[in-house]
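# Examining the three-dimensional arrangement
One-letter residues, chain by chain:
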Amino acid sequence: MRLDLRSAGAMSPEALRAFGSLARELRGPFTGFVSGLGAKFGNSLLWSLSTPASRHCYFSPLFVHCCGLVLLKRLVDSGRGVSEIASDSSAFCGLVRHWLRARGLGVRVTGPGPDRREGPARRLGRALRALLTELAIRASIRRGSGPGPALPDRPLTLVDTFALPGFVEDDRYFGELVNHLDAAEAAGVFFAPTFTGFTAPQAGEAARRLRRSGRNVIFKERFLKVRDYFWAWFSSLRTAFLRLDAAGFASFDLAPLIREELRGLRGLGSTMTAFLNHRFAMRLARAGVKLGLVLDWWENQSIDRGWNAGFSEFYPGVRRVGYLGFPPYPMLLCLYPSSAEKQAGVLPDEIAVIGPGLVPGLAEFCPGLKVFAGPALRFGHVFEPPARSERNGFTILASLPISGRDAAAMLEMIARAGDHGLGPARLLVKPHPACPWPEVPEGMELVEGDFARALDHCDMLVCMGSSVGLEALAKGVPVALAASPGGLSFNPIPDSVDPGLWRLCFDGSDLAEAARLFRAGREQDPDLRLERARAVRDRFFTPVNRETVRRLLDPHPEGPS
């Protein structure tokens, strides 16, 4: 078996199955391990906002490294062959080589080439460029936003959100929120966007558009001072000097991996934003801005931790709510808070999820965490009756992920399914809205327009690591989840969902088998299909209306619901 743990690597279906099974087993032990590291650092903000502490598998490779080491050990101990193990990490490769030599094993270890190695001078240069970029964006946003009107002299609801290319006037995250409030209530809701994906000139133009949109906006850049950016930058650099002598996990010392990650300044931009969020809370308080509620688009990333730590410190007693606006993925470990994070003060007071069936699982590693069901703001369409048209044949809709590598792997899996008896089907491809339109293989059609409308005209959805999978099930469309070629599959579908409605597919053969299953299921009683869809919808999605929006914004003295 070959274990390819590189960021652009790919594993065989056999390796993916073994890796995925082990990853689910190690979720709890790994969370406990990271919590123990936090205790070593005294739950300091420097550690809490660092990438190894994040347990975010997109930013930190630590969990993937842990799974790779344990899988290698188990394969060797069981006498199964490992032909090669590959990684982008020099520290990981060194650790593996040492472990293999101690056992007299000659497994090939492939590490990063000279072009992937970055010395201290290059890292510092990259960090300086990041600081200058942030300062240029700040200056541009300040010019574009103007001085702005005076804020009302009453407690406000402050909403953490994002401005993205294509989502400036229309808020992608909380756009439905104020639509269910009366005019007086809406006047007290102010959005504090983080500008993401813009160059400095583009950010200034986006700020001008936001200012003219009529929305209530607090521009963080108008409160943050230049010295705050230098403070955030120096604080981010200081995380590289956190001292760690040993860190044992499953008979391996992971300290070299953690030191390499810290010193490599991985996720520097995210860490800087986290410290700036903390500073923003301080500047608001010093400016005398009154707050009654702080609502965070919450994914428990470093930026969320900085936000919640800041508002906890500078607005004690003000209710802080984290809103998880999509179904959590078990392999995105940061979405499952730990007791150590609660103790460190980087979590909100309460967390709202989009459906009642998601409430119990979120406190898996944090007993006593307050979780309640809020409105499914981005998923109101699942409560609309499907506008299905009568048609012949079988239509498959492929919703591509944002990663170009993963999108290519998914399209290849669909193409290979044709060699394993996929059967006649119309193949539609929906690109990710944040990506350019790809070239698709012959026999597939690119489709435009709204994803919800596209669902109404398909018999099966293929997706990878996206909440659209659970959306489709709530609309009565069965789902084939394509496993990510990199090892961790971000599956949004809870284990409690009827397994006859979805399949996790590792290759074209699995996908063809899923299509045969779903094709046969299409012939079942339509009333039964609708009943199963309603069961998913009612358990994992909460309707969006005035009552559920008020539930999100009003205090919950009784605790979790």
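Within each chain, residues carry numbers counting from 1 in the order of the written sequence. Given that the model is predicted, a residue must reach a pLDDT of at least 70 before its local features are reported, and side-chain atom pairs must reach 80 or more before they are shown or counted; all residues, however, enter totals for whole chains, interfaces and linings. Derived side-chain values reflect all non-hydrogen atoms in the structure, with water molecules and hydrogen atoms excluded from consideration.

With that settled, the discussion passes to the overall build of the protein. What the protein contains, in helices and strands, is 21 helices and 17 strands. Here the C-alpha radius of gyration of the protein, 24 Å, is about what a compact globule of 561 residues would show, namely 24 Å. For the C-alpha atoms alone, the extent of the protein along its principal axes is close to 65 × 65 × 45 Å. To be clear on the numbers: accessible area is Shrake-Rupley with a 1.4 Å probe, and residue cover counts the displayed protein chains and nothing else. Carbon and sulfur atoms provide 53% of the accessible area of the protein, an area that totals close to 23,300 Å². Only four residue types enter the charge count: Lys and Arg as positive, Asp and Glu as negative, with His and the chain ends excluded. All charge positions are set by atom: Lys at NZ, Arg at CZ, Asp at CG, Glu at CD. Seen as two clouds, the 69 positive and the 58 negative side-chain charges of the protein have centres 7 Å apart. Helix numbers and strand numbers start at the N terminus; a helix is a DSSP run of H or I with at least 4 residues, a strand a run of E with at least 2. For the radius of gyration, the atom set is restricted to C-alpha positions; the globular benchmark scales as 2.2 Å times the number of residues to the power 0.38.

Once that is clear, we can look at unusual backbone geometry. Non-glycine residue S251 carries a positive phi angle of around 70 degrees. Inspection of the secondary structure assignment puts S251 in the loop between β6 (248-249) and β7 (252-253). In the Ramachandran plot, N300 falls in the positive-phi region, its phi being about 55 degrees despite a non-glycine side chain. With respect to the element layout, N300 can be found in the loop between β8 (291-297) and α13 (302-314). Only protein chains enter the accessibility calculation, which uses a 1.4 Å probe. A residue is then buried if its area is under 20% of the maximum for its type, exposed if over 50%, and partly exposed in between. With a relative accessible area of 0%, N300 lands in the buried category.

One open sheet accounts for 6 strands, arranged β14-β13-β12-β15-β16-β17; its pairing is parallel. Strand pairing shows two members of the sheet lacking a second neighbour, β14 (444-446) and β17 (502-505), which therefore form its edges. Here the strands of the sheet are splayed against their neighbours by 25 degrees on average, with no regard to which way each runs. Any two strands are treated as partners once DSSP identifies two or more bridges connecting them. Two elements, strand β12 (residues 395-399) and strand β15 (residues 460-463), share 3 bridges in a ladder whose sense is parallel. Counterpart to L397 in the pairing with β15 is L461. It only takes one pair of heavy atoms within 4.5 Å for two residues to be counted as in contact. Inter-axis angles, ranging from 0 to 180 degrees, are taken between N-to-C directions of lines fitted to C-alpha atoms, where helices are fitted over the stretch in contact. Seen against the sheet, helix α19 (residues 508-521) touches β15, β16 (479-482) and β17 and runs at an angle of roughly 170 degrees to β17.

Relative orientation of the contacting elements helix α5 (residues 90-102) and helix α11 (residues 255-263) amounts to 165 degrees, with a least axis distance of 8 Å. What the angle tells us is that α5 and α11 run roughly antiparallel. Where α5 crosses over α11, the two elements pack in a sense that is right-handed. Residues S90, A91, F92 and L95 of α5 lie in contact with α11, whose contacting residues are P256, L257 and E260. Residue polarity follows a fixed list, in which Ala, Val, Leu, Ile, Met, Phe, Trp, Tyr, Cys and Pro are nonpolar, Asp, Glu, Lys and Arg are charged, and the others, Gly among them, are polar. Partitioned by chemical class, the residues of the contact of α5 with α11 number 5 nonpolar, 1 polar and 1 charged. Here roughly perpendicular refers to angles of 65 to 115 degrees, roughly parallel to angles under 35, roughly antiparallel to angles over 145, and oblique to all remaining angles. Note on convention: near helix rotated counterclockwise from far helix by under a right angle means a left-handed crossing. Clockwise means right-handed.

How two aromatic rings sit relative to each other is set out by the distance from centre to centre and by the angle between their planes. Centres within 6.5 Å make a pair out of two Phe, Tyr or Trp rings, where for Trp the six-membered ring is used; the pair is then stacked when the planes are under 30 degrees apart, edge-to-face when over 60, and tilted otherwise. Within the structure shown, the criterion is met by 25 aromatic pairs. Consider the rings of F223 and F280, whose centres lie 6.2 Å apart with planes at 75 degrees: the pair is edge-to-face. Taken together, the residues F223 in helix α9 (residues 220-223) and F280 in helix α12 (residues 268-286) connect sequence positions 57 residues apart. Among the aromatic residues, ring-to-ring pairing joins Y58, F162, Y173, F174, W297, Y323, F326, Y329 and F490 into one connected group. Seen from the ring of F394, R519 lies directly overhead, with NZ or CZ sitting 4.4 Å from the centre. In this scheme, the term charge over a ring applies when either NZ of a lysine or CZ of an arginine sits within 6 Å of the ring centre and within 35 degrees of the ring normal.

Cavity and pocket criteria rest on a 1 Å grid covering protein atoms alone: a 1.4 Å probe that fits but cannot get out defines a cavity, protein on both sides within 12 Å along at least 5 of 7 lines defines an open pocket, and an atom within 4 Å of a point defines a lining residue. Grid points are joined across faces, edges and corners, and a volume is the space filled by probe spheres set on the points. In the structure shown here, the tally under the stated rule is 5 cavities of 30 Å³ or more. Reported here for the largest cavity is a volume of approximately 110 Å³. Surrounding the largest cavity, 14 residues form its lining, V34, G38, W47, A340 and E341 being those nearest its centre. Counting residues per element, the ones that place at least two in the lining of the largest cavity are α1 (13-40), α2 (45-48) and α14 (339-344). Across the lining of the largest cavity, the residue classes tally to 6 nonpolar, 5 polar and 3 charged. Its boundaries defined by the atoms lining it, the second largest cavity holds a volume of some 80 Å³. Forming the walls of the second largest cavity are S50, T51, P52, S236, T239, E261, L262, L265, R266, L268 and T271.

Another aspect to go through is the packing of helix α4 (residues 62-77) against α11. For any two helices packed against each other, one specifies the crossing angle of their axes together with the interaxial distance. At a minimum axis distance of 11 Å, the contact between α4 and α11 shows a crossing angle of 155 degrees. Classed by the angle they form, the pair α4 and α11 counts as roughly antiparallel. Between α4 and α11 the crossing geometry is right-handed. In this structure, α4 contributes L62, H65 and L69 to the contact, and α11 contributes L257, I258 and E261. Taken together, the residues that form the contact of α4 with α11 break down as 4 nonpolar, 1 polar and 1 charged.

Take a nonpolar patch on the surface next. On the surface, a cluster of nonpolar side chains totalling about 260 Å² of accessible area is made up of V226, F230 and F234. Positionally, F230 belongs in helix α10 (residues 226-238). Patch members must show over 30% relative accessible area and no salt bridge, and they are joined within 9 Å when carrying like charges or within 5 Å when they are nonpolar side chains of Val, Leu, Ile, Met, Phe, Trp or Tyr. Each reported salt bridge corresponds to a side-chain nitrogen of Lys or Arg within 4 Å of a carboxyl oxygen of Asp or Glu.

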